[in-house]
Every structure is written in structure tokens, then in C-alpha cells.
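# Inside the fold
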Amino acid sequence: MKASVPHIRIRAEAGFSLLRDGLNLSFYVRRSHRTIAQSVIRALDVYLQAVGPGAIDRFFDSEGFAQPLDDAEWTRIRKELLEKPWSIVRLLDQAGHDDRYGVEYFGKPVDDPKLLGDPFGTGEPHALCALGFWLPTEFLEEHGAERVRELALALADPLPWCFGQVGFAFKGWTNLIGVTRMIRARCFRYPGMDNPDLSQLSWKLGT
């Protein structure tokens, strides 16, 4: 197993991870956010139970800055997931760690063109809700492929998904200068690795 698993570890001078290998588990749902919000929360709870309560402890605020994820913020996130027609949730692992875990969710009112910002219902025909989870490659090495498969199926179970994907992926801060170039330099060496961008795919992928 270990001989065939990619290991990419690139750090910034400040010590944080710029780019590494990981496992991405993504699910795409062609239903409006409000109709699947409870299912998204159930999938999130499955993930948190699998990785442990301390693995995720930060979130990105509306300005794009990482903030501590305390009990009050957990309550707010869950409340907004249930009550709003739109939802963007981005969670990440502990400050100073190796960018091992993470969650991304992009929920849209895909059944309501007006709320989607498309009053004539013609401009965004492929819009979806997208939910993605990250695991470190070490999770696969420690627990084995069958455990990863079991977790993927458990995450998928509450979701009325139309498409799902699990596999190796580049996990990097692509908003920083040079990281995309680092990925391009390695993508032909590791042709099976994905470079997922759920925020874009959720508008374009369709069913």
C-alpha cells in the first residue's frame, strides 16, 4: 500500500503546509439546500465522529479569514444550515497542523431560479449543492482501503446525491501565489490525483 501512495509535503517558510496529498470525498446533489440541510448535518456528524472531535477546530468567516470554532460557532453554523436558502461552510483542522482535515459545503436554492439569481431560469442549468470532506493519506495507510470505503458510503448514505467521487487529490492553498504552479509541476507525475474546486464545480458539473 505505502509504495503506491503519493507523498507530497511542501511547506512555506513560515512553517504551514502549502501543498500536500490527501483523500477527497465529494458528493453533488441536484436539490435545493433547504431540502437537504438536515442530511448535510447528518453527513457532517458522521465525518466528525470518524476523525475525532478535535480534528476540526477552525472555520472561514465571511471575509475569508480562519477563526476559532467554539461551541457557539458550531451552534450558529448548524442553525444557518437549517434556516437559510443559501449556505457556504468551510471548516479546517487545528491551527499549526498539517492541513490534514477539512469540510466544504456549497448549498444553493437550485430549485428556485429567482433565489439563485437567475430569474428566467436559463443561466445556471447545471447548479448543484456540493459537499466535500478531506482525509489525510495517513488515514488510508493506518485504517486501510476498506475503512475509507465504509466511511465514504456512510457519508453518502443520508444524501440524495447524483454524483460522488473519492480519491487522491492535491490539497493546497491555491489562492496563494505559486501553489497552482506546484500542482501543475506534479499532476503528470501523479495522473490519478484530482485538484477539486467545489465552489466552481457546484455551478458547472450538473448531473
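Residues numbered from 1 in each chain as written. Predicted model: local features only at pLDDT ≥ 70, side-chain atom pairs only at ≥ 80, totals over all residues. Heavy atoms only, no water.

### Re the packing of aromatic side chains
Tallying each qualifying case throughout the model produces three aromatic pairs. Summarising the aromatic geometry, the rings of Y47 and F133 are spaced 5.0 Å apart at their centres and angled 35° between planes, so their arrangement reads as tilted. Highlighted residues: Y47 in helix α1 (residues 33-51) and F133 in strand β7 (residues 129-135), separated in sequence by 86 residues. Neither Y47 nor F133 differs from the other in exposure class; each is buried. We note R90 situated over the ring of F60; from NZ or CZ to the ring centre the distance is 4.4 Å. The ring of W134 has K171 lying over it, and the distance from NZ or CZ to the ring centre is 5.3 Å. (Phe/Tyr/Trp six-rings, centres within 6.5 Å; stacked < 30°, edge-to-face > 60°. Helix = DSSP H or I, 4+ residues; strand = E, 2+ residues; numbered from the N terminus. Buried < 20%, exposed > 50% of the residue type's maximum accessible area, 1.4 Å probe, protein only. Lys NZ or Arg CZ within 6 Å of the ring centre and 35° of its normal.)

### Some thoughts on the pairing of strand β6 (residues 102-107)
A regular strand places its side chains so that they alternate between the two faces of the sheet. Counting buried positions along β6 gives six out of six residues, so the element sits mostly inside the fold. Burial along β6 is two-sided: the face carrying G102, E104 and F106 and the face carrying V103, Y105 and G107 are both buried. Taken together, the six bridges between strand β5 (residues 87-93) and β6 define a ladder with antiparallel strand orientation. By the bridge assignment, L91 is partnered in β6 with V103. Looking at chain direction, β6 and β7 are connected through five bridges and run antiparallel. Each bridged residue has a counterpart across the sheet, and for V103 the counterpart in β7 is F133. (Pairing = 2+ DSSP bridges.)

### Brief notes about the packing of α1 against helix α2 (residues 71-83)
Two elements in contact, α1 and α2, have axes whose closest approach is 7 Å; the angle formed by their N-to-C orientations is 145°. Counting all contacts with α1, which are made through H33, R34, A37, Q38, I41, L44, D45 and L48, the residues of α2 involved are W74, R78, E80, L81, L82 and E83. The class makeup of the residues in the contact of α1 with α2 is seven nonpolar, two polar and five charged. (Axes fitted to C-alpha atoms, helices over the stretch in contact; angles between N-to-C directions. Contact = heavy atoms within 4.5 Å. Nonpolar A, V, L, I, M, F, W, Y, C, P; charged D, E, K, R; others polar.)

### Considering the nonpolar core
Counting 37 residues, the largest nonpolar core has Y47, I56, L91, Y105, L131, F133 and L135 as its most contacted members. If one sorts the elements of this core by residue count, α1 sits on top with eight residues. Beyond its immediate chain neighbours, meaning those up to four positions away, I56 contacts Y47, L48, L69, W74, L91, L92, D93, Y101 and G102. Formed by nine residues, the second largest nonpolar core is a distinct cluster that contains I8, L18, F170 and V179. (Core = buried A, V, L, I, M, F, W, Y, C linked by side-chain atoms within 4.5 Å.)

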